[in-house]
Amino acid sequence: MIGWLRARREARLLRERAIPDALWQATLTQFPFLRLARADEAARLRELATLFLADKEFSAAGGLMLTDAMAVAVAAQACLPVLNFGLAPYAGFVGIVMHPAEVTARREWTDEHGIVHAWDEVLAGEAMEGGPIMLSWRDVEAAGTDAEGRPYNVVIHEFVHVLDMGNGAIDGLPALPDPALRRHWRQVLEAGRAQLQRALDAGRPGVLDPYGASSVEEFFPVAAEAFFLNPEALRDEAPPVFDLLAQYFLQGPEMASAR
């Protein structure tokens, strides 16, 4: 009964609140990596983005004038990682706060001696358990490649952090069904992170942002950015990481290569 009611609600939302054709096409033009080769997956992405917009509440801060185009851009990119398993992993939050650019957050940490250390951290985005998700519109617009030619996508990065939170912790592991798979996942990502660190130490930067070497919980979203924006390079540089993400996102090499 619950499933039938959900399906009925979704059908109504898709009918009554469909993203206008012109706005959707403009989004695909601005963010070409959202153009999926298979028609069924392209249609599914649009449907998921429509349902995402119906469930989430966008707000603006810092003087930003929020537009429908901004909201659709975020929704489409956020739905790309969950294309083949749906929006359920995003059910734990509602709010998305958009800023015009990066924000500075004050951080504090108390060490084992009780000494408080404080510093300022500049953020392009931040995912917090239970929400909201914070995003810099300047960085959302910049999706594609960074100044060094590496994949860059703050929306995918922060929403993969949301997937990471699915197991109740931010530890680089999403919700996985059994201990053996969790061990395998951690081994692959730890090895990938170590490989990235060795490459950086040797002065051989590659497709992955150096930030991914800082921890497994950052390596996961950094690798996901590469998976969705430059899958061929990730597959060539770190095949085990590529294969792991392809199995998790249910988006295989043939789909990724089509982009």
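How each quantity is defined
Residues numbered from 1 in each chain as written. Predicted model: local features only at pLDDT ≥ 70, side-chain atom pairs only at ≥ 80, totals over all residues. Heavy atoms only, no water. Helix = DSSP H or I, 4+ residues; strand = E, 2+ residues; numbered from the N terminus. Contact = heavy atoms within 4.5 Å. Areas by Shrake-Rupley, 256 points an atom, 1.4 Å probe, with all protein chains shown as cover. Core = buried A, V, L, I, M, F, W, Y, C linked by side-chain atoms within 4.5 Å. Buried < 20%, exposed > 50% of the residue type's maximum accessible area, 1.4 Å probe, protein only. Phe/Tyr/Trp six-rings, centres within 6.5 Å; stacked < 30°, edge-to-face > 60°. Salt bridge = Lys/Arg side-chain N within 4 Å of Asp/Glu carboxyl O.

- Under an unreviewed UniProt entry, the chain has the name Zinc-dependent peptidase and belongs to Aquariibacter lacus.

A few points about the overall build of the chain
Part 1: When its secondary structure is counted, the chain shows 11 helices and 8 strands.
Part 2: Put simply, of all contacts in the chain between residues at least 6 apart along the chain, 63% involve residues at least 24 apart.
Part 3: Element-wise, carbon and sulfur atoms account for 53% of the exposed surface of the chain, whose accessible area totals about 12,600 Å².

Describing the nonpolar core
Note that soluble globular proteins tend to have their nonpolar side chains buried in a common cluster.
Part 1: Within the largest apolar cluster, 79 residues are counted, with the highest numbers of intra-cluster contacts made by Phe-52, Tyr-90, Leu-135, Phe-159, Leu-234 and Phe-249.
Part 2: Ignoring anything within four residues of it in the chain, the contact list for Leu-135 reads Val-74, Ile-96, Val-97, Met-98, His-99, Ala-124, Gly-125, Val-140, Val-154, Val-155, Glu-158 and Phe-159.

Structural notes on the packing of aromatic side chains
Part 1: The full count for this structure, using the stated rule, is 15 aromatic pairs.
Part 2: Plain terms: the ring middles of Phe-52 and Tyr-90 are 6.2 Å apart, the flat faces sit at 85° to each other, and that makes the pair edge-to-face. One end of the pair, Phe-52, is in helix α3 (residues 39–55); the other, Tyr-90, is in the loop between α4 (68–79) and β2 (95–99), with 38 residues separating them in the sequence. No difference in accessibility class separates Phe-52 from Tyr-90, as the two residues are buried.
Part 3: Ring centres of Phe-85 and Tyr-248 lie 5.6 Å apart, and the angle between their planes is 55°; this geometry places the pair in the tilted category. With Phe-85 in the loop between α4 and β2 and Tyr-248 in helix α10 (residues 239–249), the pair connects residues that are 163 residues apart, well separated along the chain.
Part 4: On the accessibility criterion, Tyr-248 (16% relative accessible area) is buried.
Part 5: Through a chain of ring-to-ring contacts, three or more aromatic side chains come together here, namely Phe-85, Trp-185, Phe-220, Phe-227, Phe-228, Phe-242, Tyr-248 and Phe-249.

Focus: the pattern of salt bridges
Part 1: If you walk through the whole model with that rule in mind, you get 10 salt bridges.
Part 2: Linking Arg-150 and Asp-146 is a salt bridge whose minimum nitrogen-to-oxygen distance equals 3.6 Å. As far as burial versus exposure is concerned, Arg-150 and Asp-146 are alike and both buried.

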